[in-house]
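# Structural overview
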Amino acid sequence: MARGPAQATDTGRERIPRKGRVSGVSGATNRPESAGRPSLTPPPDATAPARHPDAPAPGELLGAHYDQCFGCGEGLPHGLHLAARADEGVSVTAEFTVQPAHQGAPGLAHGGVLATALDETLGSLNWLRRAIAVTGRLESDFLRPVPVGSVLYLSARCTAVAGRKIYSSAEGRIGGPDGPVAVRAEALFIEVKLDHFTQNGRPEEIRAAMSDPDQVKVARAFEVNP
Ligand SMILES: CCCCCCCCCCCCCC(=O)SCCNC(=O)CCNC(=O)[C@H](O)C(C)(C)COP(=O)(O)OP(=O)(O)OC[C@H]1O[C@@H](n2cnc3c(N)ncnc32)[C@H](O)[C@@H]1OP(=O)(O)O
């Protein structure tokens with residue numbers, strides 16, 4: 001068998017080691033991929049997240065950060081069109097209506113689409129801190145099937161920050177904002193510099209995003225501190 005020996009992880013499950021390091025590409029990590037699964041628990045020196053003074057007021061819609069984003073963009077017919085609103089502190093609420101284009105099993109939302117909805121909602125928290133960050137790790141639990149036509153009522157909050165590491169959690173309910181939890185996730189976002197996008201993204205889209213005359217839109221496309 002071509003794969004190396006399985007290793008125990010901090011979850012007690014076995015993991016197949018992958019090849020060593022990625023190098024020479026900005027944005028690609030130098031962390032050995034064979035390292036054990038890093039924890040989603042903040043370290044003891046983590047601090048409480050602080051809301052940026054210019055963050056949108058609680059209740060205010062955040063709007064799409066980029067119109068071609070599969071999660072929140074308005075320019076993609078089959079996208080999620082997820083609409084997030086600022087809440088108190090560093091927290092948001094969001095809604096996403098499951099469309100026929102989002103099916104996995106007949107009449108049910110695809111799990112990857114639901115994970116995207118969680119990821120997008122968690123990602124939108126960074127705008128309240130005016131941080132540029134990408135998902136490093138996303139751990140999802142799927143607790144109930146989500147039928148096509150359902151509205152998924154999401155909420156997410158940032159729980160801690162340690163250096164570049166941002167810890168957050170989210171859940172999605174069906175049948176109403178107080179309905180049963182169908183999905184939930186814990187995530188670790190990692191703060192990055194703007195060049196994470198400009199050096200790794202396809203030049204056509206980067207150029208188009210950067211040259212938008214609406215500077216607030218440019219700032220939001222990259223979640224930049226304007
Ligand atoms: C044009 C549109 C732009 C849109 C922009 C708006 C964004 C909003 C979009 C919203 C859409 C939704 C959002 C999306 O979909 S974002 C898209 C999906 N995510 C990505 O594409 C990220 C791909 N990964 C990377 O680029 C690198 O791996 C990053 C940048 C993440 C880290 O590589 P880098 O070389 O920079 O840093 P480092 O390796 O020294 O690590 C630093 C620290 O972090 C810890 N660590 C790292 N990874 C993990 C992990 N997996 N689990 C646990 N821990 C992890 C690590 O141990 C270390 O800790 P410590 O040793 O310091 O304690």
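Here is what the cut-offs are and how they apply
- Residues numbered from 1 in each chain as written.
- Predicted model: local features only at pLDDT ≥ 70, side-chain atom pairs only at ≥ 80, totals over all residues.
- Helix = DSSP H or I, 4+ residues; strand = E, 2+ residues; numbered from the N terminus.
- Core = buried A, V, L, I, M, F, W, Y, C linked by C-beta atoms within 7 Å.
- Buried ≥ 20, exposed ≤ 12 C-beta atoms within 10 Å, placed from the backbone.
- Contact = placed C-beta atoms within 7 Å.
- Pairing = 2+ DSSP bridges.
- Axes fitted to C-alpha atoms, helices over the stretch in contact; angles between N-to-C directions.
- Expected span 1.5 Å × (residues − 1).
- pLDDT = per-residue confidence, 0-100.

## Description of unusual backbone geometry
- Phi at His 81 is positive, roughly 50°, even though this residue is not glycine.
- Along the polypeptide, His 81 turns up in the loop between strand S2 (14–15) and strand S3 (83–86).

## Here's the deal with the nonpolar core
- In this structure, Ala 117, Leu 118, Leu 152 and Leu 154 are the most contacted members of the largest nonpolar core, which totals 42 residues.
- The set of elements that each furnish at least two residues to this core consists of S3, strand S4 (91–97), helix H1 (111–129), strand S6 (151–162), strand S7 (165–173) and strand S8 (181–191).
- Element by element, the count of residues in this core is highest for H1, at eight residues.
- For Leu 154, the residues in contact, after removing those within four places along its chain, are Thr 93, Ala 94, Glu 95, Phe 96, Ala 117, Leu 118, Thr 121, Ala 170 and Gly 172.

## Quick look at the environment of Val 151
- Relative to the helices and strands, Val 151 resides in strand S6.
- You can call Val 151 partly exposed: it has 17 C-beta atoms within 10 Å.
- For Val 151 and Thr 97, which are 54 residues apart along the polypeptide, the C-alpha to C-alpha distance reads 4.3 Å.
- Setting aside chain neighbours within four positions, we find Val 151 in contact with Glu 95 and Thr 97.

## Some details on the environment of Gly 112
- Mapped onto the elements of the fold, Gly 112 is located in helix H1.
- In this structure, the C-alpha to C-alpha distance between Gly 112 and Ala 219, residues 107 residues apart in sequence, is 28 Å.

## A look at the sheet that holds S3
- Within the open sheet, the six strands sit side by side as S3-S4-S6-S7-S8-S5. Their pairing is antiparallel. Of all strands in the sheet, those bounded by a partner on one side alone are S3 and strand S5 (133–142). Along the sheet, successive strands turn relative to each other by an average axial angle of 20°, direction set aside.
- Taken together, the nine bridges between S6 and S7 define a ladder with antiparallel strand orientation. Residue Ala 156 lies in a different strand from S7, and its bridge partner there is Ala 170.

## Structural notes on the pairing of S7
- Here S6 folds back onto S7 in antiparallel fashion, the turn holding two residues, of which Gly 163 has a positive phi close to 60°.
- In the sheet, S7 pairs with S8 via nine bridges, with the strands oriented antiparallel. Each residue of the ladder has a partner; that of Ile 166, found in S8, is Phe 189.

## A few points about H1
- The end-to-end C-alpha distance of H1 is 29 Å, a good match for the 27 Å that 19 residues give at a rise of 1.5 Å each.
- Counting buried positions along H1 yields 15 of 19 residues, so the element is predominantly enclosed.
- Positioned one or two residues after H1, Arg 130 has a phi angle of 55°, which is positive.

## Brief notes about the confidence of the model for the protein
- Summing up the model confidence of the protein, the mean pLDDT is 85 and the portion of residues at 70 or higher is 80%.
- When the criterion is pLDDT under 50, residues 1–27 qualifies, and its contacts beyond four places in sequence or with other chains add up to 34 contacts.
- Across the whole predicted complex the pTM is 0.85, and at the interface the ipTM reaches 0.94.

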